[in-house]
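# Architecture at a glance
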Amino acid sequence: MIDLDKPIHPGEILRTEFLEPLDLKPYTVAKKLHVPRTRIERLVNETTPVTPDTALRLAKFFGTTPQFWMNMQASYDLAVEGTSIQDELKGIERFGAAAA
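Moving on: the nonpolar core. Leu14, Ile40, Leu58, Phe62 and Trp69 are the most contacted members of the largest nonpolar core, which totals 18 residues. Every element with two or more residues in this core is listed here: helix 1 (10-19), helix 2 (26-33), helix 3 (37-44), helix 4 (52-62) and helix 5 (66-84).

This is how it looks when you write it as C-alpha cells:
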C-alpha cells in the first residue's frame, strides 16, 4: 500500500502497480530487460534510484515512456532533498525581494 505521507519511490510504483498486478518477479523483469537481477531487486526494495538506462528499458518493456520513470525519480529526489535541507532553504531570500 502506498503511504501518501512520504515521498513515493519509483520502486514502490514498479512493485505495486506493475509487478504485483502482473504477477511478475524482479528476476523475470531483470532477465527481460537484460540487466542484473540485483538492479531490479534493489529498485523494488527502494534502495537504488531509476537511472536513465533503467528508465529506457522499463519504458520499452511496459509500454510507458522513459520520462514516466525519470519524472518519478526526480520528484522523489526533490522531495527527499527538500525535506533534508528545509531549514537551509528558509534562510535563502528570493532574488529581488525587498528586505523588510
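So, on to the side chain of Thr54. Structurally, Thr54 can be placed in helix 4. Beyond its immediate chain neighbours, meaning those up to four positions away, Thr54 contacts Arg39 and Leu43.

Our next topic: the pattern of salt bridges. Inspection of every chain in the model, using the stated rule, returns seven salt bridges. Among the ionic pairs, Glu12 bridges to Lys6, the shortest N-O distance being 3.6 Å. Accessibility expressed as a relative area gives 36% for Lys6, which makes it partly exposed. The residue Arg37 makes a salt bridge to Glu41 at a minimum N-O spacing of 2.6 Å. Taken together, the residues Arg37 and Glu41, both in helix 3 and four residues apart, mark about one turn of the helix. Judged by relative accessible area, Arg37 falls into the partly exposed class, the value being 40%. When salt bridges with common partners are traced through the structure, they connect Lys6, Glu12, Arg15 and Glu46 into a single cluster.

What counts, and at which threshold
Note on numbering: residues in each chain are counted from 1, in written sequence order. Local features in this predicted model are restricted to residues of pLDDT 70 or higher, and side-chain atom pairs are both shown and tallied only at a pLDDT of 80 or more, whereas totals for entire chains, interfaces and linings draw on every residue. As a convention, hydrogens and water are excluded, and side-chain values are obtained from all of the structure's heavy atoms. By nonpolar core is meant a set of buried Ala, Val, Leu, Ile, Met, Phe, Trp, Tyr and Cys residues that side-chain atoms within 4.5 Å join together. Under the scheme applied here, a residue whose accessible area is under 20% of the maximum for its type counts as buried, over 50% as exposed, and between as partly exposed, the area being computed with a 1.4 Å probe on protein chains only. Each helix is a run of DSSP H or I of at least 4 residues and each strand a run of E of at least 2, with the numbering of both proceeding from the N terminus. Between two residues, a contact is recorded if the distance between any of their heavy atoms is within 4.5 Å. Whenever a carboxyl oxygen of Asp or Glu lies within 4 Å of a side-chain nitrogen of Lys or Arg, that contact is scored as a salt bridge.

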